[in-house]
Amino acid sequence: MDGYKRLLDYNERWVRERLRENPGYFSRLKDDQTPEYVWIGCSDSRVPAEVVTGCEPGDLFVHRNVANLVIHTDLNLLTVLNYAVDQLKVRHVIVCGHYGCGGVRAAMSSRSQGPLNRWLRNIKDIYEKHQVELDALPDFEARFRRLVELNVVEQVRDLAKTSLIQRAWHDERRPWLHGWVYDIHTGRLKELTLLTHEHEVDEIHRYDFSGEA
Ligand SMILES: [Zn+2]
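Residues numbered from 1 in each chain as written. Predicted model: local features only at pLDDT ≥ 70, side-chain atom pairs only at ≥ 80, totals over all residues. Heavy atoms only, no water.

Undergrad: Sorry, what's going on with the nonpolar core here?
TA: What tends to happen in soluble globular proteins is that the nonpolar side chains get buried as a cluster. Ile40, Val93, Leu159 and Leu177 are the most contacted members of the largest nonpolar core, which has 24 residues in total. Going through the elements one at a time, strand S1 (37-42), helix H3 (75-87), strand S3 (92-98), helix H7 (140-160) and helix H8 (163-172) are the ones with two or more residues in this core. Looking at this core, the element that brings in the most residues is H3, giving five residues. If sequence neighbours within four positions are ignored, Leu159 has contacts with Ile40, Val70, Leu81, Val93, Val95, Ile165 and Leu177. (Core = buried A, V, L, I, M, F, W, Y, C linked by side-chain atoms within 4.5 Å. Buried < 20%, exposed > 50% of the residue type's maximum accessible area, 1.4 Å probe, protein only. Helix = DSSP H or I, 4+ residues; strand = E, 2+ residues; numbered from the N terminus. Contact = heavy atoms within 4.5 Å.)

Undergrad: Sorry if this is basic, but what is going on with unusual backbone geometry here?
TA: Peptide bonds are, in most cases, trans, and in most cases residues other than glycine have a negative phi. That bond from Arg174 to Pro175 is cis: its omega, -5 degrees, falls within 30 degrees of zero. Its location among the elements puts Pro175 in the loop between H8 and strand S4 (176-182). For Ala67, which is not a glycine, the phi torsion comes out positive at approximately 70 degrees. Examined against the element boundaries, Ala67 turns out to sit in the loop between strand S2 (60-65) and H3. Note on Ala67: relative accessible area 0%, which makes it buried. Positive phi values are uncommon outside glycine, yet Lys89 reaches one of about 60 degrees. Note that Lys89 resides in the loop between H3 and S3. Accessibility expressed as a relative area gives 39% for Lys89, which makes it partly exposed.

Undergrad: How should the coordination of the zinc ion be read in this particular structure?
TA: All of the protein donors around the zinc ion are Cys42 (SG), His98 (NE2) and Cys101 (SG); their distances to the metal are 2.1 to 2.3 Å. Here the donor residues of the zinc ion share one chain and are spaced in sequence as C-x55-H-x2-C. In this structure His98 comes out as buried when scored by relative accessible area, which is 1%. (Donors = N, O, S within 2.8 Å, 3.2 Å for Na, K, Ca; no water.)

Undergrad: What am I meant to see in the pattern of salt bridges here?
TA: Side chains that carry opposite charge are capable of pairing whenever their charged atoms lie near each other. All told, the structure shown has 16 salt bridges when counted by the stated rule. A salt bridge links Lys89 to Glu172; the shortest N-O distance between them is 3.1 Å. One end of the pair, Lys89, is in the loop between H3 and S3; the other, Glu172, is in helix H8, with 83 residues separating them in the sequence. With a closest N to O distance of 3.5 Å, Lys190 and Glu149 form a salt bridge. Placement of Lys190 in strand S5 (residues 189-195) and of Glu149 in helix H7 is noted, with a sequence separation of 41 residues between them. (Salt bridge = Lys/Arg side-chain N within 4 Å of Asp/Glu carboxyl O.)

Interpretation in functional terms is not warranted from these geometric data alone.
Put into structure tokens, the structure is as follows:
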């Protein structure tokens, strides 16, 4: 039960180590943050954002949920995104999924998951949208890996459908929207998609800001 103490012990050693290398390590961050990146990742413990990207405190503004979903009615996500894009002026938003994602696997099952069903429904919709491609794959593992990738690509597209991102693209030509997938077996990140202000959003999702002050 007291295994948790290793976390606190590690923290003591980590602080000492950082201060030995750089006495100003913590004081440099005490007044403000200017992260360059937003990370929208899965809650899975095997995908630690800072560890796999070599980021330090102050580098990443992080939102994590089950299966790294961008849901338009998720006030938590929207608050993170709004603050990061409008106030912190981040240059990159990264959606990072991962092979072996339990959320994606659960969405592929017909078993009822209770309250999780509503969350996983979003992934089921992506499966349905890409059903022809997915069903043509040889086995479950191949479909599973491809759905993980398609899920990331669709979340990035969903980011581009927000007026928040479109306004920032219109006014400041940022941020770039990245879709990555992480392989928990190799530790490697792979780029899947990149959308910039030059991306043509589908007409029905496109906002016109010319009439605003
Ligand atoms: Zn996951």
